[in-house]
Amino acid sequence: MTSVCPHCGRPDGRPFRVVSRHATASGMTVWVRCACGSLQIREVGPAGVRVVSRGGPVLVPEGGGCPA
Ligand SMILES: [Zn+2]
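Residues numbered from 1 in each chain as written. Predicted model: local features only at pLDDT ≥ 70, side-chain atom pairs only at ≥ 80, totals over all residues.

A. Layout of the environment of His 7. In this structure, His 7 sits in the segment before β1 (17–24). For His 7, a count of 16 C-beta atoms within 10 Å corresponds to the partly exposed category. Between the C-alpha atom of His 7 and that of Ser 38, which follows or precedes it by 31 residues, the distance is 7.6 Å. Ignoring anything within four residues of it in the chain, the contact list for His 7 reads Cys 34, Cys 36, Ser 38, Gly 56 and Pro 57. (Helix = DSSP H or I, 4+ residues; strand = E, 2+ residues; numbered from the N terminus. Buried ≥ 20, exposed ≤ 12 C-beta atoms within 10 Å, placed from the backbone. Contact = placed C-beta atoms within 7 Å.)

This is the structure we're talking about:
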């Protein structure tokens, strides 16, 4: 992955913290948080890694952002 965080410019390939991982029918969903606080949801499947959603640099309570 060669993209960078639009909020702080850090490489997406080096997330600050992996928040959680969830197995899905097609692979895995990984929630990661950038050092700036931006939460990102990635889908990891046979075709590689895809960014599903990316939040802004807003701090949310630990463990409170996972719908699964
Ligand atoms: Zn960032």
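The structure having been displayed, the exposition proceeds.
B. Molecular detail of the sheet that holds strand β3 (residues 39–45). One open sheet holds the four strands; their spatial order is β1-β2-β3-β4, and the pairing between them is antiparallel. Single-partner strands in this sheet number two, and they are β1 and β4 (48–54). Between one strand and the next, the sheet's axes are offset by a mean angle of 25°, whatever the strand orientation. As defined by bridge partners, strand β2 (residues 27–33) adjoins β3 across six bridges and the pair is classed as antiparallel. (Pairing = 2+ DSSP bridges. Axes fitted to C-alpha atoms, helices over the stretch in contact; angles between N-to-C directions.)

Remember, this is a structural readout, not a statement about activity or role.
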